[in-house]
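# Chains, contacts and geometry: an overview
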Amino acid sequence: MLQGLYKFSFVSGRGTGCGVMFATGSGRLYGGDSGSSFAGGFNSADGVIAVELTMSRHNHDPKYVPMFDVDPVDLRFTGVPRGEEIHFEGESAALPGVRFNTILTRINDSDAPPPGEVGADGISNGLYSIHIRMLDGIDAGNTGVMMLQDGSIRGGDAFFDYIGAYSSANGRWKGEIVNREHTPSRGERPVFGGHEVGIGFSGTYDGDGAEGEATALVGKRSIRFKAVLRKLVEVAD
């Protein structure tokens, strides 16, 4: 049975990529990469895992060129465990002739901080897009997805995974994140690439999303950035 945080890597006739996926104990899947989000479900029978996902674009920067010009896209996969990995094959009726070969690899999140306290009017559980822009004259940024659920943070993008915790009440939230590289960024993310980075943040939220300023400790260097989150999908479990 799938459960927890995973890295996914895929190969298709249109290209390759990586991202993160979170599987809940009730059979739901939430995840994404630097350009798209994924939401759906899975079931398992006789050693075979069947998955249905909807892929939706969350990065609408004019400089970002998506791999597929259809949005959203419904995908179907079947997979089997192979050692520490789960290997899937999939396709979509919206992309005739395109086959996906995808591998899920478990990410160890056992060292994540414990969940924070969420008030009755706290930020709602959901899958969010996150868009990051560095401050203090650093010309860099990043995009990904983040799942907020009952005080816990799980998320990531094409190169990094995020584990953390948050507290929220009365329109304000704060928390901590550890940013780790799950796939070598090969210089494409020079600020965080190759580092495990601790990040503290605080900011505001409403029904549509959240924002905040954060400070990342990269080695001995302190880097400030602003993050904007937009809710993509409600997460109920």
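Residues numbered from 1 in each chain as written. Predicted model: local features only at pLDDT ≥ 70, side-chain atom pairs only at ≥ 80, totals over all residues. Heavy atoms only, no water.

## Observations regarding the overall build of the protein chain
How we decide: Runs of E in the DSSP output that reach at least two residues are strands. Runs of H or I that reach at least four are helices, and both are numbered from the N terminus. Here the radius of gyration uses the C-alpha set of atoms, whereas the globule reference equals 2.2 Å times the residue count to the power 0.38. For each residue, the accessible area found with a 1.4 Å probe, counting protein chains only, is set against the maximum for its type, and the residue is called buried under 20%, exposed over 50%, and partly exposed in between. Contacts: residue pairs with any heavy atoms within 4.5 Å of one another. Here, Shrake-Rupley sampling with a 1.4 Å probe gives the accessible areas, and only protein chains in the shown set may cover a residue. Neither His nor the chain ends is counted toward charge; the positive residues are Lys and Arg and the negative residues Asp and Glu. Just so you know, the charge point we use is NZ for Lys, CZ for Arg, CG for Asp and CD for Glu.
Scanning the protein chain from N- to C-terminus turns up zero helices and 16 strands. For 237 residues, the compact-globule formula gives about 18 Å, and the C-alpha radius of gyration of the protein chain, at 17 Å, lands near that figure. Considering only C-alpha atoms, the protein chain reaches an extent of 45 × 40 × 35 Å along its principal axes. Burial statistics for the protein chain: of 237 residues in total, 49% are counted as buried. The long-range fraction of contacts in the protein chain, counting pairs at least 24 apart against all pairs at least 6 apart in sequence, stands at 48%. About 11,700 Å² of surface is accessible on the protein chain, with carbon and sulfur atoms providing 49% of the total. Each charge class in the protein chain was averaged separately, 22 positive and 30 negative side chains, and the resulting centres sit 5 Å apart.

## Focus on the nonpolar core
Formally: In this description, a nonpolar core means a group of buried Ala, Val, Leu, Ile, Met, Phe, Trp, Tyr and Cys residues linked to one another through side-chain atoms lying within 4.5 Å.
Judged by nonpolar contacts, the single largest core of 28 residues is most densely connected at Ile-123, Met-146, Leu-148, Trp-173, Phe-225 and Leu-229. Of all the secondary-structure elements, those providing two or more residues to this core are strand E9 (126-134), strand E10 (141-149), strand E12 (160-169), strand E13 (172-181), strand E14 (197-205), strand E15 (209-218) and strand E16 (221-234). In this structure, Leu-2, Met-21, Leu-53 and Ile-86 belong to the second largest nonpolar core, which totals 23 residues.

## Re the packing of aromatic side chains
In this description, a pair of aromatic rings is defined by centroid distance and the angle of the planes. Filter applied, for reference: For Phe, Tyr and Trp, rings pair up if their centres lie within 6.5 Å, where Trp contributes its six-membered ring, and each pair is then called stacked (planes under 30 degrees apart), edge-to-face (over 60) or tilted (otherwise). Both a distance and an angle decide whether a charge sits over a ring: NZ of Lys or CZ of Arg must be within 6 Å of the ring centre and within 35 degrees of the ring normal.
Considering all chains together, one arrives at eight aromatic pairs under this definition. Aromatic side chains Tyr-166 and Trp-173 sit 5.9 Å apart centroid to centroid with 70 degrees between the ring planes, which places their arrangement in the edge-to-face category. Between the NZ or CZ atom of Arg-106 and the centre of the ring of Tyr-6, over which it lies, the distance is 5.6 Å.

## Structural notes on the pairing of E16
Note the following rule: Pairing between strands is defined by DSSP: at least two bridges between the two strands are required.
As judged from the nine bridges shared by E9 and E16, these two strands associate in the antiparallel manner. Each bridged residue has a counterpart across the sheet, and for Ile-132 the counterpart in E16 is Ala-227. Taken together, the 10 bridges between E15 and E16 define a ladder with antiparallel strand orientation. Residue pairing in the sheet places Leu-217 in a bridge with Ser-222 of E16.

## So, the pattern of salt bridges
Proximity of charged atoms lets side chains of opposite charge pair with each other. Just so we agree on the cut-off: Any Lys or Arg side-chain nitrogen located within 4 Å of an Asp or Glu carboxyl oxygen qualifies as a salt bridge.
Throughout the structure, instances matching the rule amount to 10 salt bridges. Between Asp-136 and Arg-224 there is a salt bridge, with the nearest N and O atoms lying 2.9 Å from each other. You can see Asp-136 sitting in the loop between E9 and E10 and its partner Arg-224 sitting in strand E16, a full 88 residues away along the chain. Salt bridges sharing partners connect three or more residues here, namely Glu-89, Glu-91 and Arg-99.

## Here's the deal with the sheet that holds E13
Note the threshold: Note on method: axes are straight lines fitted to C-alpha atoms, helices fitted across the in-contact stretch only, with angles between N-to-C directions ranging 0 to 180 degrees.
Taken in spatial order, the eight strands close into a barrel running E9-E10-E11-E12-E13-E14-E15-E16, and their pairing is antiparallel. Here the strands of the sheet are splayed against their neighbours by 30 degrees on average, with no regard to which way each runs.

## A word on unusual backbone geometry
The peptide bond linking Asp-71 to Pro-72 adopts the cis configuration, its omega dihedral lying at -5 degrees. Of note, Pro-72 is situated in the loop between strand E5 (48-57) and strand E6 (73-82). Unlike most non-glycine residues, Asp-46 shows phi in positive territory, near 55 degrees. Locating Asp-46 in the fold gives a position in the loop between strand E4 (36-45) and E5. At Asp-136, a position not held by glycine, the phi torsion is positive, near 60 degrees. A residue is classified by how much of its surface remains accessible, and Asp-136, at 54% relative accessible area, is exposed.

## What about the environment of Ile-107?
In this structure, Ile-107 sits in the loop between strand E8 (99-106) and E9. Spatially, the C-alpha atom of Ile-107 lies 8.2 Å from that of His-182, the residues being 75 residues apart in sequence.

## Some points on the side chain of Ser-168
Which entries qualify depends on this criterion: Definition of a polar contact: a pair of N or O atoms within 3.5 Å, with one able to donate and the other able to accept a hydrogen when the atoms are protein atoms, and with sequence-neighbouring residues admitted only if both atoms are side-chain atoms.
In this fold, Ser-168 is placed in strand E12. According to the relative accessible area criterion, Ser-168 is buried, its value standing at 4%. Within the local environment of Ser-168, its side chain forms a polar contact with the backbone nitrogen of Ile-123, the two atoms lying 3.1 Å apart. Residues contacting Ser-168, with those up to four places away along its chain left out, are Glu-117, Val-118, Gly-119, Gly-122, Ile-123, Trp-173 and Tyr-205.

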